[in-house]
2 protein chains.
Amino acid sequence: MFKKILIVGCGLIGSSILRASIKKKISKKIYVLEKSKIHIKQIKKLRLNCEILKDPKKRITNVDMIIICAHLSEYLKIFKKIEKYIDKNTIVTDVGSAKEKVSGEIKTKIKRNISWISSHPIAGSEVSGPEFGNEKLFSGKWCVLIKDKNVNKKHLQILTKFWTKIGSNIVYMSLKEHDHIFSITSHIPHLVAYNMVKTAMNFEKKKKSNIVKFSAGGLRDFTRTAASNEIMWKDIFLNNHKNITKGIDLFINNMRQIKKLISTKNEKKLIKIMQESKKIRKKIVSAKQDVNLPDFGRR
Amino acid sequence: MFKKILIVGCGLIGSSILRASIKKKISKKIYVLEKSKIHIKQIKKLRLNCEILKDPKKRITNVDMIIICAHLSEYLKIFKKIEKYIDKNTIVTDVGSAKEKVSGEIKTKIKRNISWISSHPIAGSEVSGPEFGNEKLFSGKWCVLIKDKNVNKKHLQILTKFWTKIGSNIVYMSLKEHDHIFSITSHIPHLVAYNMVKTAMNFEKKKKSNIVKFSAGGLRDFTRTAASNEIMWKDIFLNNHKNITKGIDLFINNMRQIKKLISTKNEKKLIKIMQESKKIRKKIVSAKQDVNLPDFGRR
C-alpha cells in the first residue's frame, strides 16, 4: 500500500499500529521515531520489523504517511523534528483524543502547507508502553477521521483505506463534533473516575479506613480507568477544556438532583433513573461496544 | 454442618449460596422461600437440590440458619413470614449492602428475642436472577459479619464457619463502620456511575449525538455498574442516606477543584492527582481485589 511510513512515538498505540502494519503489509519500510530509551529497548527486544531513526540529521524522502502517536502537548515540538520528512505527497495524521485546539495550533504555527488529516482510533487501555501493543487493537473498533472543508480528498481516501486495512471501522467528523461527543463518552468519564478515586483517598486519610481492601464493591472499576496515563489525560483535559467544564457543570447539577431525590425519599424517580440507565447498557452490548458477559467476564 | 437451613430469596446471591451449600454439603436439607414465579421456574429447571416452600402454613421446626437474600425494603415483610420458623437456636442472617437502618428496624419492630447477625458478602455483578448464580461466587471474596455488643458468640462462630466453608474470607465490623466504609467503596461509586450515564443521556437528547456508538472511550464501563438492579440500589441509597449524602458533597467539592485546575491550567496539580490515583490501582491489584490484566482482560 505504501513505500515508506513513519510512526512517531511507539507506545501502546504506536506499537499496535506498527504490529498491525507489519501483519497487513501496509508499507515496504516502516520508520519509527521514539525518544524514550526504555521504549526503544522494548521495541528491539520484541524484534518488530522497523528502522528506529537515531540520527536526527538523516534525510528520508518520499514518506507516504506520518502518524503521530504522542502526547498532544508534544505535537509542536514533534512537527519541528519531522518537518524535513514532509513533502506535498505526505499524509500527516495523529491518534490524539482531542482535536480542535491542537489542530488550530498546527494550522497557525506551521506555515507550510501540509496535508494534515487527524485520526482518532477508539482503542487502548489503562496500560502504556510498546510491550502492551497488539496487532488486533483496532480490529472492529471505530476510528474517527476529521473531514475539514479543505481536506485533500485523495489523501482522506488513502487514510481511510489504511485504517480499514488494519481493522478499523471509519466514521467522519468535524473537529467540533469530535471534541463534543468525546467530551461526554470519554473525557468526562475519565475525569469522574479520577475524581472518584481522589474522593475515596480523601475519605481513607480522614477516616483511616482501608478502601483498597473493600474496593470490589464498585470502586475498583473506577481505579482501572483512573490508572490511565497522566500526561495524556492532563493534555486532553486542557485541550478540550471548554466542553469538559460544561460537562462537569451538567454532571454536578445531576448529582445534586439525585442527592435531593435521596433526601426526600423519592423512590419512584430514583428507580426511573436507574431503569433508563440499564437500557443504555443493553444498547451498548447490542452495538458490540462492550462484551456481553456479566462483570466484563472478569474472574 | 447443619440439618436444616432456609434461603429466603433465590436470585443471584441466594442461588449462589444454594449452589455453594450443595457443593460443600453445608446442610442435610435446604429450604427455599421465593416469591417470583419466574425464579421458581428457573430453580426447578436448574435442578438445584432444595425444597421450595409453597404452603405458607407448613411448619418446619429446628431450622439452624435462615439467610435473607432479598431487597432491604422487604425485610420486615419477610420477617413476618419467617417468624414461625425461628426458634432460640436459629441463626438469622442476611446479605444486604446497608446495615444500620434496617438492623435498627428489626430490633425495634421484631419484639421477640432472635439471634440476628448480619452478613455482607462482597460479591455479585450487574446481572440478577438464579440463572447467573455460581457456586464459586464467594470464593476468595471478603464477607463482612456484623459483630454487635450483644452478639451470640456461639452463633457468630457458626456463621463464620459457614461463610468460610463456602469460600469467603471473614472480616468483623460494627454496623456504623460497615455503612461508612461501603458508602465510599461501593455506594457512591454506583451512584456516580448512574449519574454519569444520566448525564450522558441528557447530553445525547440535547445534542442528538450517538453516545452508544462511541461509548468505548470510557463511558461503557460506567454503564455496566449502572445496569445493576434498581430496587436493590434504591434501597441502599435510602438506607445509607446519611453517609451517601455526605459522600456526594465531598465528591462535588473535589470535582469543582479539578474544574478549577483545568480552567487555570494547573498542569502540576492535575498530574499529581492522576499519579496518586494510579498507585491505588496497583495496590488493589496487589491485594487481589481485581484482575491483573489490562482492560479487565476484556476483548
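Remember, predicted model here, so these are calculated numbers, not experimental data.

### A closer look at the overall build of chain A
Alright, step 1. Within chain A one finds ten helices and nine strands.
Alright, step 2. A globule of 299 residues ought to have a C-alpha radius of gyration of about 19 Å, and chain A, at 21 Å, matches this closely.
Alright, step 3. Long-range pairs, those at least 24 residues apart, make up 76% of the contacts in chain A with a sequence separation of at least 6.

### Description of the relation of the copies chain B and chain A
Alright, step 1. The transform that puts chain B on chain A rotates by 180° and translates by 0.0 Å along the axis, for an RMSD of 0.0 Å. Read as a symmetry element, the transformation amounts to a two-fold axis. Taking C-alpha positions as the reference, the residue of chain B nearest the rotation axis is Ile252 of chain B, at 3.2 Å.
Alright, step 2. Of all interface residues in chain B, 100% are interface residues in chain A too; the two copies therefore contact each other through one and the same surface.

### A short note on the pairing of strand β5 (residues 91-94) of chain A
All names here are of chain A.
Alright, step 1. Here β5 shows no split at all, with Ile91 and Thr93 on one side and Val92 and Asp94 on the other all buried.
Alright, step 2. Taken together, the four bridges between strand β4 (residues 65-68) and β5 define a ladder with parallel strand orientation. Looking at the pairing, Met65 lines up with Ile91 of β5.
Alright, step 3. For the segment spanning β4, helix α3 (residues 75-82) and β5, crossover handedness is right-handed.

### Some details on the interface of chain B and chain A
By convention, interface size is frequently given as the accessible area that disappears when the constituent parts associate.
Alright, step 1. Residue-level contacts link 89 residues of chain B with 89 residues of chain A.
Alright, step 2. Put simply, the parts of the chain that give the side of chain B that touches chain A at least two residues each are α6 (175-207), α7 (219-225), α8 (230-239), α9 (241-263) and α10 (267-286) of chain B.
Alright, step 3. Taken together, the residues of the side of chain B that touches chain A break down into 46 nonpolar, 22 polar and 21 charged.

### Some remarks on unusual backbone geometry
Alright, step 1. At Lys208 of chain A, a position not held by glycine, the phi torsion is positive, near 50°.
Alright, step 2. Mapped onto the elements of the fold, Lys208 of chain A is located in the loop between α6 (175-207) and α7 (219-225).
Alright, step 3. With 7 C-beta atoms counted inside 10 Å, the residue Lys208 of chain A sits in the exposed group.
Alright, step 4. In the Ramachandran plot, Lys25 of chain B falls in the positive-phi region, its phi being about 50° despite a non-glycine side chain.
Alright, step 5. Of note, Lys25 of chain B is situated in the loop between α1 (12-23) and β2 (27-33).

### Some remarks on the confidence of the model for chain A
Alright, step 1. Residues at a pLDDT of 70 or more form 100% of chain A, whose mean pLDDT is 95.
Alright, step 2. What the predictor reports for the complex is a pTM of 0.95 with an ipTM of 0.95.

### Thoughts on the packing of helix α10 (residues 267-286) of chain A against α6 of chain B
Relative orientation and spacing of two packed helices are given, respectively, by the angle between their axes and the distance between those axes.
Alright, step 1. Here α10 of chain A crosses α6 of chain B at 75°, and the two axes come no closer than 9 Å. As judged from the angle between their axes, α10 of chain A and α6 of chain B are roughly perpendicular. Counted together, Ile273, Met274, Glu276, Ser277 and Ile280 of chain A of α10 of chain A and Tyr194, Val197, Lys198 and Met201 of chain B of α6 of chain B form the full contact between these two elements.
Alright, step 2. Residue classes in the contact of α10 of chain A with α6 of chain B are distributed as six nonpolar, one polar and two charged.

### Some remarks on helix α1 (residues 12-23) of chain A
All names here are of chain A.
Alright, step 1. With twelve residues, α1 should cover 16 Å at 1.5 Å per step; its first-to-last C-alpha distance of 16 Å lies within 8% of that length.
Alright, step 2. Counted residue by residue, α1 has ten buried out of twelve residues, so it is predominantly covered.
Alright, step 3. Taken as a whole, α1 has its buried residues at Leu12, Ile13, Gly14, Ser15, Ser16, Ile17, Leu18, Arg19, Ala20 and Ser21.
Alright, step 4. Phi for Lys25, located one or two positions after α1, is positive at around 50°.

### What to know about α10 of chain A
Alright, step 1. In this model, α10 of chain A (20 residues) spans 29 Å end to end at C-alpha, consistent with the 28 Å of a helix rising 1.5 Å per residue.
Alright, step 2. Every buried residue of α10 of chain A is accounted for by Leu270, Ile273, Met274, Ser277, Ile280, Arg281 and Ile284 of chain A. On an axial view of α10 of chain A, the arc spanned by its buried residues comes to 105°, and they lie on one face. In α10 of chain A, those exposed residues whose orientation departs by more than 90 degrees from the buried face are Lys268, Gln275 and Ser286 of chain A.
Alright, step 3. Check the buried side of α10 of chain A and you find it contacts α9 (241-263) of chain A together with α6, α7 and α8 of chain B.

### So, the nonpolar core
If you look at soluble globular proteins, the nonpolar side chains tend to sit buried side by side.
Alright, step 1. One finds Ile7, Val8, Ile66 and Cys69 of chain A together with Ile7 and Cys69 of chain B to be the most contacted residues of the largest nonpolar core, which totals 165 residues.
Alright, step 2. If near-sequence neighbours (up to four positions away) are discounted, Val8 of chain A is found in contact with Leu33, Ile66, Ile67, Ile68, Cys69, Ala70, Ile78 and Ile82 of chain A.

### Topic: the sheet that holds strand β9 (residues 169-173) of chain A
Residues and elements named next belong to chain A.
Alright, step 1. Read from one edge of the open sheet, three strands run β7-β8-β9, paired in mixed fashion. Two strands bound the open sheet, and with one partner strand each, they are β7 (119-121) and β9. Sheet twist, expressed as the average angle between the axes of neighbouring strands with direction ignored, equals 20°.
Alright, step 2. Looking at chain direction, strand β8 (residues 142-146) and β9 are connected through five bridges and run parallel. Pairing of Cys143 across the sheet is with Ile170, part of β9.

Parameters at a glance
- Residues numbered from 1 in each chain as written.
- Chains lettered and ligands numbered in written order.
- Predicted model: local features only at pLDDT ≥ 70, side-chain atom pairs only at ≥ 80, totals over all residues.
- Helix = DSSP H or I, 4+ residues; strand = E, 2+ residues; numbered from the N terminus.
- Rg over C-alpha atoms; globule rule 2.2 N^0.38 Å.
- Contact = placed C-beta atoms within 7 Å.
- Least-squares fit on C-alpha atoms with pLDDT ≥ 70 in both.
- Buried ≥ 20, exposed ≤ 12 C-beta atoms within 10 Å, placed from the backbone.
- Pairing = 2+ DSSP bridges.
- Right-handed = clockwise from strand over helix to strand, strands pointing away.
- Nonpolar A, V, L, I, M, F, W, Y, C, P; charged D, E, K, R; others polar.
- pLDDT = per-residue confidence, 0-100.
- Axes fitted to C-alpha atoms, helices over the stretch in contact; angles between N-to-C directions.
- Parallel < 35°, antiparallel > 145°, perpendicular 65-115°, else oblique.
- Expected span 1.5 Å × (residues − 1).
- Arc of directions from axis to C-beta.
- Core = buried A, V, L, I, M, F, W, Y, C linked by C-beta atoms within 7 Å.

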